[in-house]
Amino acid sequence: LYWVGTSMGGIIGMLLASRPNSPIKKLVVNDVGPFIPKASLDRIGHYVGKDPRFKTYEELETYIRTISAPFGPLTDAQWHHLSVTGAKQHADGTWGMSYDPGIANVFKKGPMQDIDLWPFWDTITCPTLIVAGIVGLVVAATVALWAHYGTAVFFEMIRAGFVSTAPSAAARSNSAVTAATRNCN
């Protein structure tokens, strides 16, 4: 099993890959790492799980552009793609987000704390590639620790903002990702 995970999917991948006899043979984690600072969780907690409704699709896209501004500079076509793939039209004709607002329940349980997953990370034995944009959840201290441990290949996409939302940056960087992945055997 080759696992590619962004954000929560990256965390799940790390946890599964850390288990003895894990079925994960290669792991790619995108915009997340074994240390997630409280500040990042607080930022996410301000918008995830909300269920705003909009009269028009255009209003929804404006909202997504606002909450996703840290994702970096995107073209109108990229903003449209990000918005339309995360939107749904409700039976009453209004527009909203197409995810389960229940994913935010953890943010309602009390003040956020740093999340330290290094004990899990340290047990991962499969080849691992870390991909991060310059404003993602992977912070400089985590990157430095990865470099120190030498447990993974790290690839930073300078123009991407959040890698998961920058298809043009990913396309421009495809050869670099391919090269990094080859080094992750």
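Refer to the structure presented above.
Below is a summary of the structure that appears in this document. Keep in mind the model is a prediction, meaning the values are calculated, not measured.

## Overview of the packing of helix H3 (residues 57–67) against helix H4 (residues 76–85)
Then step 1. Two elements in contact, H3 and H4, have axes separated by 9 Å at closest approach and are oriented at 105 degrees. If you check the angle between H3 and H4, you find them roughly perpendicular. Residues Tyr57, Glu61, Ile64 and Arg65 of H3 form the contact with H4, whose own contacting residues are Asp76, Trp79, His80, Leu82, Ser83 and Val84.
Then step 2. Grouping the constituent residues of the contact of H3 with H4 by class yields 5 nonpolar, 2 polar and 3 charged.

## Points about the packing of aromatic side chains
Then step 1. The final tally for this structure, using the stated rule, is 3 aromatic pairs.
Then step 2. Arranged with centres 5.1 Å apart and planes meeting at 40 degrees, the rings of phenylalanine 54 and tyrosine 63 form a pair that is tilted.
Then step 3. When the centroid spacing of 6.4 Å and the interplanar angle of 80 degrees are considered together, the rings of tryptophan 118 and tryptophan 121 count as edge-to-face. With a gap of 3 residues between them, tryptophan 118 and tryptophan 121 both fall in helix H5 (residues 118–121), about one helical turn apart. Grouping residues by exposure puts tryptophan 118 and tryptophan 121 together as buried.

Thresholds, definitions, all that
- Residues numbered from 1 in each chain as written.
- Predicted model: local features only at pLDDT ≥ 70, side-chain atom pairs only at ≥ 80, totals over all residues.
- Heavy atoms only, no water.
- Axes fitted to C-alpha atoms, helices over the stretch in contact; angles between N-to-C directions.
- Helix = DSSP H or I, 4+ residues; strand = E, 2+ residues; numbered from the N terminus.
- Parallel < 35°, antiparallel > 145°, perpendicular 65-115°, else oblique.
- Contact = heavy atoms within 4.5 Å.
- Nonpolar A, V, L, I, M, F, W, Y, C, P; charged D, E, K, R; others polar.
- Phe/Tyr/Trp six-rings, centres within 6.5 Å; stacked < 30°, edge-to-face > 60°.
- Buried < 20%, exposed > 50% of the residue type's maximum accessible area, 1.4 Å probe, protein only.

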